[in-house]
Amino acid sequence: GFFQSYAVEVDVKDASNATCLYAKWMMRFLIKYETNSSDYKNTTLHLSSSVTHNGSVCGNDTQAALLAVQFGEGHSWSINFTKTNETYQGDFITFTYNTNDTAVFPDAKRKGPVTIVVKDIMHPVQLNNVFVCHNTDFVEAENVTQIFWNVTVQAFVQNGTISKKESRCRADTPTSAPTVPPTIANVTTASTTTLSPAPTTAPKPVENPDTGNYSLKSGNKTCLLATVGLQLNVSRDKPLLININPKTTSADGTCGNTTATLKLNDGNSTLISF
């Protein structure tokens, strides 16, 4: 069947009724979930025609701005923005989908809200500039692909007026071929078209990460043990290798009868969830 994707427009006002945070964009979500028969299904979650933006915050020099929307049967999405003296950028994206929505998640084994938090991939934008990206971008984590296109956003708006100065994403440059919002069938192809070219020189070698010991308790009993060294390989403008330091990394999470979740926080804005 055909599902309509709606554009979202949010205009957050401050106490003087002046615009402080503005965004207009389109998005949808590809989600893999487990059914009662223990197999996995793919589904697509679209925005509904009715979207609220409760909890959105203007932000200031000491507080992050927050763009938050709620839609459908208990689904929500938000992104917070931080700023320096000269730039602002997205920080973390939080997405919650509700598997009690049987129209989207028929026969789902797990019932209720599921929340994932991912680091935003938006590059810093000059203050008093509006960020524009018409081409498709997406973020993948925990069986969810978040897809965005036709994005216009400005955080920390000055004097209540949306800027006429634009900062365009690289995908919108004239040399870039237009992309199509991916579907479940073509998301792998779409992902390969948005990756940066391989570097012509090999990155500087990075030592192997230190091994950390992480554990979770359920009551007084240990329910999960992990001994692991972790290294992240991030492909952006330049390859970036990050070793997770177990001395500064804390473990959190939950253990259930059939599933367990281990969440690691290195105290430096890196969150990893297993």
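For the structure, see preceding data.
Quick caveat: nothing in here was measured; it's all calculated off a predicted structure. (Residues numbered from 1 in each chain as written. Predicted model: local features only at pLDDT ≥ 70, side-chain atom pairs only at ≥ 80, totals over all residues. Heavy atoms only, no water.)

Time to look at the overall build of the chain. When its secondary structure is counted, the chain shows one helix and 20 strands. In the chain, buried positions account for 38% of the 274 residues. Counting contacts in the chain only where the partners sit at least 6 residues apart, residues at least 24 apart contribute 52% of the total. Accessible surface for the chain amounts to roughly 16100 Å². Of this, 49% is attributable to carbon and sulfur atoms. (Helix = DSSP H or I, 4+ residues; strand = E, 2+ residues; numbered from the N terminus. Buried < 20%, exposed > 50% of the residue type's maximum accessible area, 1.4 Å probe, protein only. Contact = heavy atoms within 4.5 Å. Areas by Shrake-Rupley, 256 points an atom, 1.4 Å probe, with all protein chains shown as cover.)

Next up on the list: the pattern of salt bridges. Evaluated as defined, the whole model comprises six salt bridges. Residue Glu-34 is joined to Lys-109 by a salt bridge in which the shortest nitrogen-to-oxygen separation is 3.6 Å. Here Lys-109 lies in the loop between strand S7 (87–98) and strand S8 (113–119) and Glu-34 lies in strand S2 (residues 19–34), a separation of 75 residues in the sequence. The class of Lys-109 is partly exposed, set by a relative accessible area of 38%. Ionic pairing is found between Asp-61 and Lys-83, a salt bridge with its closest N-O pair at 2.8 Å. With Asp-61 in the loop between strand S4 (51–52) and strand S5 (65–71) and Lys-83 in strand S6 (residues 75–83), the pair connects residues that are 22 residues apart, well separated along the chain. (Salt bridge = Lys/Arg side-chain N within 4 Å of Asp/Glu carboxyl O.)

Mapped onto the elements, Asn-80 comes out in strand S6. Its relative accessible area of 18% is what places Asn-80 among the buried residues. Taking the C-alpha atoms as reference, Asn-80 lies 5.6 Å from Asp-91; in sequence the two are 11 residues apart. Filtering out sequence-adjacent residues up to four positions away, Asn-80 remains in contact with Ala-64, Ala-65, Leu-66, Gln-89, Gly-90, Asp-91 and Phe-92. At a separation of 2.8 Å, a polar atom in the side chain of Asn-80 contacts the main-chain amide nitrogen of Phe-92. (Polar contact = N/O pair within 3.5 Å; in protein donor to acceptor, adjacent residues only side chain to side chain.)

The subject of this paragraph is the sheet that holds strand S19 (residues 260–265). The three strands are arranged S18-S19-S20 in an open sheet whose pairing can be described as antiparallel. The sheet terminates laterally at strand S18 (250–255) and strand S20 (271–273), the two strands that pair on one side only. Between one strand axis and the next, the sheet turns through 15° on average, direction left out of account. (Pairing = 2+ DSSP bridges. Axes fitted to C-alpha atoms, helices over the stretch in contact; angles between N-to-C directions.)

Enumeration according to the criterion identifies seven aromatic pairs in this entry. Taking 5.3 Å as the distance between ring centres and 85° as the angle between the ring planes, the aromatic pair formed by Tyr-33 and Phe-105 counts as edge-to-face. Residue Tyr-33 is located in strand S2, and its partner Phe-105 is located in the loop between S7 and S8; the two are separated by 72 residues in the primary sequence. There is no split in this pair, since Tyr-33 and Phe-105 are both buried. Clustering of aromatic rings is evident, with ring pairs tying together Phe-29, Tyr-33, Phe-71, Phe-95, Tyr-97 and Phe-105. The lysine or arginine in question, Lys-119, covers the ring of Phe-92, its NZ or CZ lying 4.9 Å from the ring centre. (Phe/Tyr/Trp six-rings, centres within 6.5 Å; stacked < 30°, edge-to-face > 60°. Lys NZ or Arg CZ within 6 Å of the ring centre and 35° of its normal.)

Time to look at the nonpolar core. Considering soluble globular proteins, one finds that nonpolar side chains tend to be buried as a cluster. Formed by 44 residues in total, the largest nonpolar core has its most connected members in Trp-25, Leu-67, Trp-77, Phe-81, Tyr-88, Phe-95 and Phe-131. Secondary-structure elements contributing two or more residues to this core are strand S1 (7–13), S2, S5, S6, S7, S8, strand S10 (130–133) and strand S12 (144–155). Contacts of Trp-25, omitting those with residues within four sequence positions, involve Tyr-6, Ala-7, Val-8, Val-10, Leu-67, Val-69, Trp-77, Phe-148, Trp-149, Asn-150 and Val-151. Within the second largest apolar cluster, nine residues are counted, among which are Leu-216, Leu-224, Leu-262 and Leu-264. (Core = buried A, V, L, I, M, F, W, Y, C linked by side-chain atoms within 4.5 Å.)

To continue, consider the side chain of Thr-35. The topology assignment puts Thr-35 in the loop between S2 and strand S3 (40–46). Discounting residues that sit within four places of it in the chain, Thr-35 has contacts with Lys-41, Asp-107, Ala-108 and Lys-109.

Summed over the entire model, instances satisfying the criterion amount to three disulfides. Sulfur-sulfur distance for the disulfide between Cys-133 and Cys-169 comes to 2.0 Å. Between Cys-133 and Cys-169, the disulfide has an S-S torsion of 75° and is therefore right-handed. Linking Cys-133 in strand S10 with Cys-169 in the loop between strand S13 (166–168) and helix H1 (187–193), this pair joins segments that are 36 residues apart in sequence. For the residue pair Cys-133 and Cys-169, the accessibility class agrees, reading buried in each case. Here Cys-223 is linked by a disulfide to Cys-255, with a sulfur-sulfur distance of 2.0 Å. Taking the torsion about the sulfur-sulfur bond, which here is approximately 75°, the covalent link between Cys-223 and Cys-255 counts as right-handed. (Disulfide = S-S within 2.5 Å.)

From the geometry alone we can't say anything about function, so treat these as descriptive.
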